[in-house]
Amino acid sequence: MKLPGPLAPLRHRQFRLLWTGMSASLVGDGVLLVALAWQVYDLFGVPAAMSAVGVALSLPQVATLLFGGVVSDRFDSRRVMLVSDLLRCAVMATLAVLSVTGALTSLWQILVLAAIHGAAAGFFGPAFDATVPKLVPADDLIAANSLDQFVRPAGTQIFGPMLAGAVIAAGGTGWAFGVNAATFALSVACLLTMSRLPLGPADAGEPAESLWQEMREGLRYVRSRVWLWGTFLSATFTYLVFLGPTEVLLPYVVKQELGLGASSLSLILTSGGLGAVAAALAVGWIGIPRRFLTYMYGVWAVATLAVAGYGAATQTWQLALACVLVNGLEAAGTVAWATVKQHFVAEGMLGRVSSVDWFVSTALLPLSYALAAPVAQWIGVRETLMGAGLLGAAVTIGFLFLPGMRRLEEETRYAPRHSREEPLAYIEHPRLPAQVITSSAPPIRDREAIAA
């Protein structure tokens, strides 16, 4: 049976299993976004505690990303994802037991478990990015990435928060952590059902460089292409400006300033998820514009500007509208970014390039979480959110004008690669490099993944 448009990749059994497991775990991540914030504010009631949790989640993830990319290129990326999911399942199960039994009483318990969760997540992202092109043909990559950007907001911002609101209301946050653990268990089952992926050089018995040599090779590969390192740095400084304030202060505005419940936060996140789903499906059907870099930076800048709406909003519907704009436009750019990366990066480098993307993009994320609370105390919660949106948008669009940033879209035409061994590069001018390579955010323009 031929599936239409964005559903076409689901006809491939391997991708279908990967997508099903990831969908389940992302629903759990959506539960975690609400449950963790609610647990922290219930126990401690101040933004500083949530800032500390954000640092604990993000710093270990940043620390493991480069190593995770090398491991994903070197070995079976399915096994890398499997170990990552098993560790995160154990962390969530432990957190659930502590919360349900009333033993979760101090911040250090949450910080330690969050750090383990973050370290495991650092291996999953690059492994997933390196796996998708192995499971679907080149013609289905746009549709596969559209499905990815469909399921992320659907899981983390629609079904996950809705489920979290219901579970927390019925049984408390501990049971919500248990639901997250169950979703990771389902993802593990799907990964175990998949067939083994193509072997890395270490498993295949081929001569291989050391892990450090391969890591340096990936860094050199990125450093020689301005549209890669420029986009990574754009995400670095944009996330520094807005992501910590959003994750720390949006729950505070809902719970403490507006006096609303977990269901209201769930509704706001759900609205953003619906916007992202609609945008991802639209890009999957319509495709990517010819000026793909200009398009990506444009929609990302407007998405970041919409963060200011969180600071200006005084009612739930206004927060929901801002969330729709932030996540819908973000998803529209991320589908294009992931597809361009998978088309323009040689397969043997994809995991390393992706890990550099994740690493550079999130390098200052712990600092963003750490600064959110003191800046909010200094200038105000609302002012921090509005300033983050305005400054973040200016930073994002500014990187589009780096010398050489748009040369790729000007001197190449976008089309599927003809083999899995060679990257796509249609040379129209002699000064273009012989090989053109490229994550969100993420990925990395993938804020849901980061937040999770």
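Bear in mind the structure is a predicted one, so any value in this text is a computation, not a measurement.

**Student:** Would you mind going over the overall build of the protein with me for this structure?
**Tutor:** The secondary structure content of the protein amounts to 18 helices and zero strands. By the burial criterion, 62% of the 452 residues in the protein qualify as buried. Summing over all exposed atoms, the protein offers an accessible surface of approximately 16200 Å²; the carbon and sulfur share of this is 67%.

**Student:** What should I look at first to understand the packing of aromatic side chains in this one?
**Tutor:** We describe a pair of aromatic rings using the distance from one ring centre to the other and the angle between the two ring planes. Scanning the entire structure with this criterion turns up seven aromatic pairs. Taking the centre distance of 6.2 Å and the plane angle of 15 degrees together, the rings of Phe124 and Phe128 count as stacked. Of this pair, Phe124 and Phe128 both sit in helix 4 (residues 107-135), separated by four residues, roughly a single helical turn. According to the relative accessible area criterion, Phe128 is buried, its value standing at 5%. Between Phe237 and Phe399, the aromatic rings sit 6.4 Å apart at their centres with planes inclined by 15 degrees, giving stacked as the arrangement.

**Student:** Is there a simple way to explain the pattern of salt bridges in this structure?
**Tutor:** Any two side chains of opposite charge can pair, on the condition that their charged atoms come close. In the structure shown here, the tally under the stated rule is three salt bridges. Salt-bridge contacts for Lys255 lead to Asp42; the nearest nitrogen and oxygen are separated by 3.4 Å. Taken together, the positions of Lys255 in helix 9 (residues 226-257) and Asp42 in helix 1 (residues 13-43) put the pair 213 residues apart, joining distant regions of the chain. Since its relative accessible area comes to 19%, Lys255 is described here as buried. Asp85 is paired through a salt bridge with Arg88; the nearest N and O atoms lie 2.8 Å apart. Pair noted here: Asp85 and Arg88 are both in helix 3 (residues 77-100), with a separation of three residues, about one helical turn. A relative accessible area of 0% means that Asp85 is categorised as buried. For Arg88, a relative accessible area of 7% gives the class buried.

**Student:** Just to check I follow, could you spell out helix 6 (residues 173-193) for this structure?
**Tutor:** Along an α-helix, a turn takes 3.6 residues, which lines up residues three or four apart on a common side. Its 21 residues place the ends of helix 6 31 Å apart at the C-alpha level, agreeing with the 30 Å of an ideal helix rising 1.5 Å per residue. Where helix 6 is concerned, the buried positions are Thr173, Gly174, Ala176, Phe177, Asn180, Ala181, Thr183, Phe184, Ser187, Val188, Cys190 and Leu191.

**Student:** Got a minute to help me understand the side chain of Asp85 in this structure?
**Tutor:** Engagement of the side chain of Asp85 in a polar contact is seen with the side chain of Arg88, the distance being 2.8 Å. With sequence-adjacent residues up to four places away left out, Asp85 is seen in contact with Phe124, Phe184, Ser187, Val188 and Leu191.

**Student:** Can you help me understand the confidence of the model for the protein in this one?
**Tutor:** Parts of the prediction with low pLDDT should not have their coordinates interpreted in detail. When pLDDT is averaged along the protein, the result is 78, and 83% of the positions lie at 70 or above. When mean pLDDT is taken per element in the protein, helix 16 (residues 381-398) scores highest with 93 and helix 18 (residues 447-451) scores lowest with 38. Contacts from residues 200-207, a stretch scored under 50 in pLDDT, to residues over four places away or in other chains number 14 contacts.

**Student:** I would appreciate a short explanation of the nonpolar core in the present structure.
**Tutor:** Within soluble globular proteins, side chains that are nonpolar tend to cluster in buried spots. Within the largest apolar cluster, 61 residues are counted, with the highest numbers of intra-cluster contacts made by Leu36 and Tyr310. Sort the elements by how many residues they give to this core and helix 9 lands first, with 11 residues. Once you skip the residues sitting within four places of it in the chain, Tyr310 turns out to touch Thr246, Leu250, Leu319, Ala322, Cys323, Val326, Asn327, Arg382 and Leu385. Membership of the second largest hydrophobic core comes to 33 residues, among which are Phe232, Phe292, Ala331 and Ala332.

**Student:** Just checking my understanding: could you explain a nonpolar patch on the surface for this structure?
**Tutor:** On the surface, Trp108, Val112 and Ile116 cluster together to form a nonpolar patch covering roughly 310 Å² of accessible area. By the element assignment, Val112 lies in helix 4.

Rules behind the numbers
- For every chain, the first residue of its written sequence is number 1, and the numbers climb from 1 along that sequence.
- Where totals are concerned, whole chains, interfaces and linings use all residues; where local detail is concerned, this predicted model gives features only for residues with pLDDT of at least 70, and gives and counts side-chain atom pairs only at 80 or more.
- As a convention, hydrogens and water are excluded, and side-chain values are obtained from all of the structure's heavy atoms.
- Strands are runs of DSSP state E lasting at least two residues, helices are runs of H or I lasting at least four, and both sets are numbered from the N terminus onward.
- The buried label applies to any residue whose accessible area, calculated with a 1.4 Å probe on protein chains only, is under 20% of its type's maximum; exposed applies above 50%, and partly exposed to all values in between.
- What sets the accessible areas is the Shrake-Rupley method with a 1.4 Å probe; for residues, cover comes only from the shown protein chains.
- Only Phe, Tyr and Trp rings take part, Trp by its six-membered ring, and two of them pair if their centres are within 6.5 Å. Stacked means planes under 30 degrees apart, edge-to-face means over 60, and tilted covers everything else.
- By salt bridge we mean one thing: a side-chain nitrogen of Lys or Arg within 4 Å of a carboxyl oxygen of Asp or Glu.
- How far a helix is expected to stretch is found by multiplying one less than its residue total by 1.5 Å.
- Polar contact is the term for a pair of N or O atoms within 3.5 Å; when the atoms are in protein, one must be able to donate a hydrogen and the other to accept it, and sequence-neighboring residues count only if both atoms are side-chain atoms.
- Contact criterion: two residues are considered in contact whenever any of their non-hydrogen atoms come within 4.5 Å of each other.
- Each residue carries a pLDDT score, the predictor's confidence in it, ranging from 0 to 100.
- What is meant by a nonpolar core is a set of buried Ala, Val, Leu, Ile, Met, Phe, Trp, Tyr and Cys residues, joined one to another through side-chain atoms within 4.5 Å.
- For patches, a residue must show more than 30% relative accessible area and have no salt bridge; joins then use 9 Å for like charges and 5 Å for nonpolar side chains, namely Val, Leu, Ile, Met, Phe, Trp and Tyr.

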